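Inside the fold
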Amino acid sequence: AQTVTQSQPEMSVQEAETVTLSCTYDTSENNYYLFWYKQPPSRQMILVIRQEAYKQQNATENRFSVNFQKAAKSFSLKISDSQLGDTAMYFCASRMDSNYQLIWGAGTKLIIKP
Amino acid sequence: GAGVSQSPRYKVAKRGQDVALRCDPISGHVSLFWYQQALGQGPEFLTYFQNEAQLDKSGLPSDRFFAERPEGSVSTLKIQRTQQEDSAVYLCASSLRQGPSETQYFGPGTRLLVL
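A brief report on the enclosed structure follows.

Facing 24 residues of chain B, the contacting portion of chain A comprises 18 residues. Summed over both sides, the interface between chain B and chain A buries roughly 1,800 Å², with carbon and sulfur atoms accounting for 54% of that surface. Contact with chain A buries surface across chain B, with P100(B), S101(B) and F106(B) losing the most and accounting together for 31% of the total. The interface formed by chain B and chain A holds zero salt bridges in total. Looking at the side of chain B that touches chain A, the element that brings in the most residues is strand β4 (residues 31–37) of chain B, giving three residues. Class assignment for the residues of the side of chain B that touches chain A results in 11 nonpolar, 11 polar and two charged.

Structure follows, in structure tokens:
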């Protein structure tokens, strides 16, 4: 079975600091995709960044980057120069090549303090 | 362009009532997903459509849940004889193509409260 675990229910950092959100997953498949989604308060879920498991290079999108450790089944999200607008729930999710389901973690509530 | 829209945004139902939740995906998107998100939790997969075909309904929690997408665009999630445990936010998402790496675009959700 596919599982995704986020062990940090809540994190809080000062504006402009760097923060890392943790995610671990479990799968028996070789081909899969990993995602970080952001859900701001009362707003829609949006994709932050994605990683294909077959790519060794860590994905980067502006201030957002991942540390993908395939052997350890770890997929953490690093947010650099954090901004007030980064305050949101962050969900880690995975999807196997062989099925249609996105499997989600329980989320990490990130608060950026001014 | 318009994103994914869902209606109603909020629904209060008495236990035992039937409800219908609507999702309008982004025009031209092939794939459509329904998720259930309980308070303080991550979403859980309910069902998946590729065009009008329901290819995976393994996440539907009981036979009281039924989804359709008859013309390959708008989708409706119907819950019969609602129970208190059905209270959740129901999210709809669509993607342009059907591949596993495709970005899913989410609607604002329908918050269902069953009393």
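Let us keep going from here.
All names here are of chain A. Following the criterion strictly, the structure yields two disulfides over all chains and no others. Here C23 is linked by a disulfide to C92, with a sulfur-sulfur distance of 2.0 Å. Its S-S torsion of approximately -70° makes the covalent link between C23 and C92 left-handed. Remark: C92 occurs in strand β10 (residues 88–96) and C23 occurs in the loop between β3 (19–21) and β4 (24–26); sequence separation between them is 69 residues. On the basis of relative accessible area, C23 is assigned to the buried category, the value being 1%.

One can find T76(B) in strand β8 (residues 75–79). Distance in space between the C-alpha atoms of T76(B) and K57(B) is 14 Å, their sequence separation being 19 residues.

On to the sheet that holds β8(B). Residue and element names in this part refer to chain B. The antiparallel open sheet is built from four strands, whose spatial order is β1-β3-β8-β7. Strand pairing shows two members of the sheet lacking a second neighbour, β1 (5–7) and β7 (65–68), which therefore form its edges. Direction aside, neighbouring strands of the sheet carry axes that sit 15° apart on average. Alignment of strand β3 (residues 19–24) against β8, held across five bridges, turns out to be antiparallel.

What counts and what doesn't
- Residues numbered from 1 in each chain as written.
- Chains lettered and ligands numbered in written order.
- Predicted model: local features only at pLDDT ≥ 70, side-chain atom pairs only at ≥ 80, totals over all residues.
- Heavy atoms only, no water.
- Contact = heavy atoms within 4.5 Å.
- Buried area = accessible area lost by both parts, 1.4 Å probe.
- Salt bridge = Lys/Arg side-chain N within 4 Å of Asp/Glu carboxyl O.
- Helix = DSSP H or I, 4+ residues; strand = E, 2+ residues; numbered from the N terminus.
- Nonpolar A, V, L, I, M, F, W, Y, C, P; charged D, E, K, R; others polar.
- Disulfide = S-S within 2.5 Å.
- Buried < 20%, exposed > 50% of the residue type's maximum accessible area, 1.4 Å probe, protein only.
- Pairing = 2+ DSSP bridges.
- Axes fitted to C-alpha atoms, helices over the stretch in contact; angles between N-to-C directions.

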